[in-house]
Amino acid sequence: DMNQLLELETNLLTSFNHIETALRNNITHDQEIKLSSTVECIKNYFDELINKCKILDEVDLSIQEQLYHIIYNISLLFYEFAHKMRKHKYSIHATKYLLWIITHIESNVVLNSVKYLKWRVKLYMELMFVYEDYGACAEAFKVVTQALNKLNDLKEALDQRYQRLNGSSKGLPDYDKQVF
């Protein structure tokens, strides 16, 4: 019902804003994330955020889809800090958060659309670099393969849609070269 959706959205947005603000305020001394104590601080805030979002796993898929912007905003935050952690050799700590956000993005119909394709590929690539940094090359290969499969699946769907709309047997021009 609409009241439940609004209440859930308000609670999650309030939690997200509170956690993001507190996180940024607590790491002003080390914004580039060079210290292990900063990494621990980030992990604590990210774990708190994930814990607050567990409610999303318990609600109807249609409600999850309507709250896509919350997952998207969390993905921006997780990516920003995962990338900084990777720059300073703390990659291993970013894995859990990148996996969590990729899983939630891939399970959301809105975020799994063509509109967010480049963003999803960017998250996959960051995860691939994280795995590569700590020598998990087989995992890195799996992530790249999964990202390429997503691109190919979407290209096929777009080709079919393009053909249907234009009455053509040709599909779209290759766009995956533009993504990379």
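Heads up: the structure comes first, above all this text.
What you see is a predicted model; the values in this text were computed from it and never measured.

## Considering empty space enclosed by the protein
Under the counting rule described, the total for this entry stands at one cavity of 30 Å³ or more. By volume, the largest cavity amounts to about 60 Å³. Leu56, Asp57, Gln64, Ile71, His104, Ser107 and Asn108 are the residues that line the largest cavity. By residue class, the composition of the lining of the largest cavity is two nonpolar, four polar and one charged.

## Quick look at the environment of Glu40
The residue Glu40 is located in helix α2 (residues 36–52) in this model. Here the alpha-carbon distance between Glu40 and Cys53, two residues 13 residues apart in the chain, equals 20 Å.

## As for the packing of aromatic side chains
In total, this model carries 10 aromatic pairs according to the counting rule given. Measuring from centroid to centroid gives 5.2 Å for Phe46 and Tyr97, while their planes differ by 75 degrees, and the two rings are edge-to-face. In this pair, Phe46 is assigned in helix α2 and Tyr97 in helix α5 (residues 95–106), connecting sequence segments 51 residues apart. Neither Phe46 nor Tyr97 differs from the other in exposure class; each is buried. Measuring from ring centre to ring centre gives 6.2 Å for Tyr72 and Trp119, while their planes differ by 65 degrees; the resulting arrangement is edge-to-face. With Tyr72 in helix α4 (residues 68–87) and Trp119 in helix α6 (residues 117–133), the pair connects residues that are 47 residues apart, well separated along the chain. By relative accessible area, which is 25% here, Tyr72 ends up partly exposed. By the ring-pair criterion, three or more aromatic residues cluster together here, those being Phe46, Phe78, Phe81, Tyr97 and Trp100.

## Description of unusual backbone geometry
With a phi close to 60 degrees, Ile33 is a non-glycine residue in the positive phi region. Topologically, Ile33 is positioned in the loop between α1 (2–26) and α2. Unusually for a residue other than glycine, Lys89 sits at a positive phi of about 65 degrees. Structurally, Lys89 can be placed in the loop between α4 and α5.

The rules we used
- Residues numbered from 1 in each chain as written.
- Predicted model: local features only at pLDDT ≥ 70, side-chain atom pairs only at ≥ 80, totals over all residues.
- Heavy atoms only, no water.
- 1 Å grid on protein atoms, 1.4 Å probe; cavity = no way out; pocket = protein on both sides within 12 Å on 5 of 7 lines; lining within 4 Å.
- Points joined across faces, edges and corners; volume = space filled by probe spheres on them.
- Nonpolar A, V, L, I, M, F, W, Y, C, P; charged D, E, K, R; others polar.
- Helix = DSSP H or I, 4+ residues; strand = E, 2+ residues; numbered from the N terminus.
- Phe/Tyr/Trp six-rings, centres within 6.5 Å; stacked < 30°, edge-to-face > 60°.
- Buried < 20%, exposed > 50% of the residue type's maximum accessible area, 1.4 Å probe, protein only.

Everything listed here is a matter of geometry and, on its own, says nothing about what the molecule does.
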